[in-house]
Amino acid sequence: MEIKKVFIFFFSLIFFATCTQNEEAKVENIGEERLKPQFPFKGRIVFQSNFDGDSEIYLMTKRGIKKLTDNTWNDEYPVWSPDGKKIAFSANPDGNYDIFIMNADGTGITPVVTSPTDEKNPAWFPDGKSIAYTRGKKGLLRKARVLYRVNLETEKTEKILPQFSRANVVPHISPVASLMTFTGKRTMGWDVAVCNMETTDVKFLDEGGKSCRARFSKNGQRLVYVSSKADGKGDIWLMRPDGSGKTRLTKMDDTYEYFPSWSPDGKYIVFNSSQHVEHDSDWKLYILKLKTQEVFYLFDSPGNDIFPDWY
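Residues numbered from 1 in each chain as written. Predicted model: local features only at pLDDT ≥ 70, side-chain atom pairs only at ≥ 80, totals over all residues. Heavy atoms only, no water.

Student: Help me out: how do you make sense of the side chain of glutamate 119 in this one?
Tutor: Along the chain, glutamate 119 turns up in strand E8 (residues 118-124). Of the residues examined, glutamate 119 reaches a relative accessible area of 0% and is grouped as buried. Among the polar contacts listed, one links the side chain of glutamate 119 to the side chain of threonine 117, at a separation of 2.5 Å. Sequence-distant contacts of glutamate 119, that is, excluding residues within four places in its chain, are made with Ser90, Tyr97, Asp98, Ile99, Val113, Tyr133, Thr134 and Arg135. (Helix = DSSP H or I, 4+ residues; strand = E, 2+ residues; numbered from the N terminus. Buried < 20%, exposed > 50% of the residue type's maximum accessible area, 1.4 Å probe, protein only. Polar contact = N/O pair within 3.5 Å; in protein donor to acceptor, adjacent residues only side chain to side chain. Contact = heavy atoms within 4.5 Å.)

Written out as structure tokens, the structure reads:
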């Protein structure tokens, strides 16, 4: 009888270990072709995906992907710190979304903004000491969304654009100048805007209420953004920080292109493409080569892969 118990005990251990390894293999077995990038890019790309059931954050290199978060809530909007050592993201373990940071390997998860409101779309300031983000607070008729800034040392938060009366969301700060781009509400629709952080002057860079989600290049000389003015769907566009030199980069008329992010050398842009604009659609990752405007398929898991950020 004792021998039988010992046998059952060791069999259970082996069974448990095998099941655990199989679960990890679903994500980290880079031998599975679908979980490998299909374009030989350089650097590291973080993104969110729900192919394990809920939204988690993943790290992609040319060798494959690694799961950085693993829990029962949603982890979203990952962005690299300026030195590449930290990742800021948004998560909702308590129901509403808050801002967190973690190490580049997924360890050391720490909350930096917790409140009864929703905090999303984090963006690092160039010194790595502050993070801008979108705060959403439910009003009487609609959800008011405005930009806030948190000091990581003091945990003090403050509104970034107190003089801007309309909704303002999705910030991104220039790495070389005192400029912040964001998406601002117009009478009809939304458009890309830029704010001089020293003078607090705000200027819309596009018109028509059909542009959003701009990001500065690493040298601060260009903005990549999304516009639907060409075909009624989202396309990836390029312009200067003063709004001049607008150029359409993607011309995939049957799909929506969103969520662009620059490569470290400024020669490529990673973005998402889907046949449907909703966030829970089947978004795939692509890479665009700026010099030739060629588009290359990068990655598509069994789930929804969105919000890439490249370091």
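Anyway, onward from the coordinates.
Student: Help me understand the packing of aromatic side chains in this model?
Tutor: Each aromatic ring pair is specified by the distance between its two centres and by the angle formed by the two planes. For the structure shown, the criterion picks out 20 aromatic pairs. Seen from their ring centres, phenylalanine 271 and tyrosine 286 are 6.0 Å apart, and the 20 degrees between their planes marks the pair as stacked. Here tyrosine 286 lies in strand E22 (residues 284-289) and phenylalanine 271 lies in strand E21 (residues 268-274), a separation of 15 residues in the sequence. Joined through ring pairs, the aromatic side chains of Phe39, Phe41, Tyr268, Phe296 and Trp310 make up one cluster. Its end group placed over the ring of phenylalanine 125, arginine 149 keeps NZ or CZ at 3.7 Å from the ring centre. (Phe/Tyr/Trp six-rings, centres within 6.5 Å; stacked < 30°, edge-to-face > 60°. Lys NZ or Arg CZ within 6 Å of the ring centre and 35° of its normal.)

Student: In this structure, what is going on with the sheet that holds strand E12 (residues 168-173)? I would like to understand it.
Tutor: Pairing between the strands of a sheet is mediated by backbone hydrogen bonds and can be parallel or antiparallel. With antiparallel pairing, the four strands of this open sheet are ordered in space as E12-E13-E14-E15. Every interior strand has two partners, whereas the edge strands, E12 and strand E15 (202-204), have only one. Taking each pair of neighbouring strands and ignoring which way they run, the sheet shows an average axis angle of 25 degrees. Of the strand pairs in this sheet, strand E14 (residues 190-196) and E15 are connected by three bridges, and their pairing is antiparallel. Residue pairing for E15: cysteine 195 is matched across the bridge by valine 202. (Pairing = 2+ DSSP bridges. Axes fitted to C-alpha atoms, helices over the stretch in contact; angles between N-to-C directions.)

Student: Could you clarify how one ought to interpret a positive patch on the surface in this entry?
Tutor: Together, Lys42, Lys62, Arg63, Lys267 and Lys291 give the surface a local cluster of positive charge. Its location among the elements puts lysine 42 in the loop between helix H1 (2-28) and strand E1 (45-49). (Patch = residues over 30% accessible without salt bridge, like charges linked within 9 Å, V, L, I, M, F, W, Y side chains within 5 Å. Areas by Shrake-Rupley, 256 points an atom, 1.4 Å probe, with all protein chains shown as cover. Salt bridge = Lys/Arg side-chain N within 4 Å of Asp/Glu carboxyl O. Lys, Arg positive; Asp, Glu negative; His and termini not counted. Charge placed at Lys NZ, Arg CZ, Asp CG, Glu CD.)

Student: So what exactly am I meant to see when it comes to the sheet that holds strand E6 (residues 98-103) here?
Tutor: A sheet is described by the order of its strands in space; here four strands give the open sequence E4-E5-E6-E7, paired in antiparallel fashion. Each having just a single partner strand, strand E4 (75-80) and strand E7 (110-113) make up the two edges of the open sheet. Each strand of the sheet is rotated relative to its neighbour by a mean of 30 degrees, with strand direction disregarded. One ladder, built from three bridges, connects E6 with E7; its direction is antiparallel. Looking at E7, one finds that phenylalanine 100 is bridged to proline 111.

Student: What is the right way to look at unusual backbone geometry in this model?
Tutor: Peptide bonds are, in most cases, trans, and in most cases residues other than glycine have a negative phi. Even without being a glycine, tyrosine 77 presents a positive backbone phi close to 55 degrees. Position of tyrosine 77 among the secondary structure elements: in strand E4. For valine 170, which is not glycine, the phi dihedral falls at a positive 50 degrees. Along the polypeptide, valine 170 turns up in strand E12. Overall, the relative accessible area of 15% leaves valine 170 in the buried class.

Student: How do you make sense of the environment of glutamine 163 when you look at a structure like this?
Tutor: Mapped onto the elements, glutamine 163 comes out in the loop between strand E11 (157-159) and E12. Overall, glutamine 163 belongs to the partly exposed group, its relative accessible area being 41%. Separated by 38 residues in the primary sequence, glutamine 163 and aspartate 201 place their C-alpha atoms 9.3 Å from one another. Residues in contact with glutamine 163, not counting those within four places in the same chain, are Thr200 and Val202. A polar atom in the side chain of glutamine 163 sits 2.8 Å from the backbone oxygen of threonine 200.

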